[in-house]
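Overview (structure and organization)
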Amino acid sequence: MERTKMSSAFLLWLGAAISIAEIVTGTLMAPLGLQRGVTAIILGHLIGCGLFLLPAAYLSATHNQTAIAVTHTTFGRWGVSLFSILNAVQLLGWTAVMIVNAQLAMNEITKRLFHFQSALVMAAIVAALIVLWLLLDHQWLFAINNVVVILLAVGMVLVVWAVETGHSGGVTAGSGTMSFGSAVELNVTMALSWLPLIGDYTRNTTAPFKASLVSVSGYFLGSVAMFLIGLLTVLKTGLSDFTAAVAQTNLGLIALLITVFSTVTTTFMDAYSAATNIDNLLKSGRTNLLGVLVTILGLIVALTVSMAYYQNFLYAIGAVFTPLFAILFVSIFGLRQRLALGWNFAWWLIGVLAYSWLQRLDFVLGTTVLLLAGLSLGVYLTSLFVRKYPLLETDN
């Protein structure tokens, strides 16, 4: 039974990584070329998954709480309320981003296959399927999701093969500009976007470290693969739009199904976790219905907000959640105590404000590592001069 749960966890997070959004972000690495682009992708994912996702998943598993609920240990109830709201907002944003990416890709394919396109129709189809996923019985959900993820992985291999073999030219350099440090940071922030979510799916395990490692490994492998697909597509075809490259192959219908269901397997997790954070405040016990509401709001945002803000959206996630979990990790794993709540909130705010300034330094390992090191040091040095308190018990 435990092995089944572990395989389901692996496939759940592998499915979360198989998405158009991950491929789109991978295309942004193209200006670095093949070697430096691959290095940035792997390095950024190691930082994001190793330093953040794994300990966040483990903390939730050992406390039997969501990642946001565990922040109670160092930030108290006010912190949980604040971070629940901020996390719900970023998850609503992700729900909208995923729907937008899906409808753009679907329209590109259906225009070629059926000479039809409609942002409203395509976005509504995706939103309806996300709602269906949210309303499925728990056991049915994992059974269906496992099958869909396996089919998605196979289908993605076929589509990538068709794209690569359909262009006989060699690998070329991508156009545009992107520094190595910025590329690493984009990879880190993509992993960071899952930071407040992963604990929602590891909190009920009897094997905390194993469940955390399996979940993070599933995401790491899937996400690295998607980023590489995005990078290689641009370098091989010269097209920055992966969907446009796919539309030129003879696998358009398969690509259409992959686009739809990869969005569903990823976005239902965003909507469900946003609902979980809202329920932290409302205590309604109706998480699935709240998830439906989040999906509907995400659909509205998707139809009204430009994707031009996508890269800034990713950096905003890093600015908010890097300092939060840096303070949490150094308090729990390092000090095994906490500073007064006022000090923790002050350091968090300093971290949020410092993120954009540190980006200007263009550190080779990305802004997140620089901020993590500086903020952890600041909290530790502060602990030498001010009174420390026991960690607060998390609410059940």
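All of the points below concern the structure found in this document. (Residues numbered from 1 in each chain as written. Predicted model: local features only at pLDDT ≥ 70, side-chain atom pairs only at ≥ 80, totals over all residues. Heavy atoms only, no water.)

Take helix H15 (residues 341–359) next. The terminal C-alpha atoms of H15 lie 27 Å apart, and with 19 residues this matches the ideal 27 Å at 1.5 Å per residue to within 8%. Approximately 30° is the largest bend angle found in H15, and it occurs at Leu 353. Restricting attention to buried positions, one finds in H15 the residues Asn 344, Trp 347, Trp 348, Gly 351, Tyr 355 and Leu 358. (Helix = DSSP H or I, 4+ residues; strand = E, 2+ residues; numbered from the N terminus. Expected span 1.5 Å × (residues − 1). Bend = angle between axes of the 7 residues up to and from the residue. Buried < 20%, exposed > 50% of the residue type's maximum accessible area, 1.4 Å probe, protein only.)

Looking now at the packing of helix H3 (residues 33–63) against helix H10 (residues 208–237). When two helices pack together, their arrangement is captured by the angle between the axes and the distance separating the axes. Running from N to C, H3 and H10 point in directions that differ by 155°, and their axes come no closer than 9 Å. Judged on the interaxial angle alone, H10 and H3 are roughly antiparallel. When you trace H3 past H10, the crossing you get is right-handed. Taken together, the residues of the contact of H3 with H10 break down into 22 nonpolar, six polar and no charged. (Axes fitted to C-alpha atoms, helices over the stretch in contact; angles between N-to-C directions. Parallel < 35°, antiparallel > 145°, perpendicular 65-115°, else oblique. Left-handed = near helix turned anticlockwise from the far one by under 90°. Nonpolar A, V, L, I, M, F, W, Y, C, P; charged D, E, K, R; others polar.)

We now examine the nonpolar core. The biggest cluster of nonpolar side chains holds 116 residues, and the ones touching the most others in it are Leu 53, Trp 94, Tyr 219 and Phe 325. Tallying contributions element by element places helix H14 (residues 310–335) first for this core, with 17 residues. Residue contacts for Tyr 219: discarding those within four places in its chain leaves Trp 13, Leu 14, Ala 17, Glu 22, Cys 49, Leu 53, Met 190, Ala 191 and Trp 194. By size, the runner-up hydrophobic cluster in this structure holds five residues, among which are Met 6, Ala 207, Ala 211 and Val 214. (Core = buried A, V, L, I, M, F, W, Y, C linked by side-chain atoms within 4.5 Å. Contact = heavy atoms within 4.5 Å.)

Examined against the element boundaries, Thr 73 turns out to sit in helix H5 (residues 72–114). Within polar-contact distance, the side chain of Thr 73 engages the backbone oxygen of Val 70 at 2.9 Å. (Polar contact = N/O pair within 3.5 Å; in protein donor to acceptor, adjacent residues only side chain to side chain.)

Read these as geometric descriptors, not functional statements.
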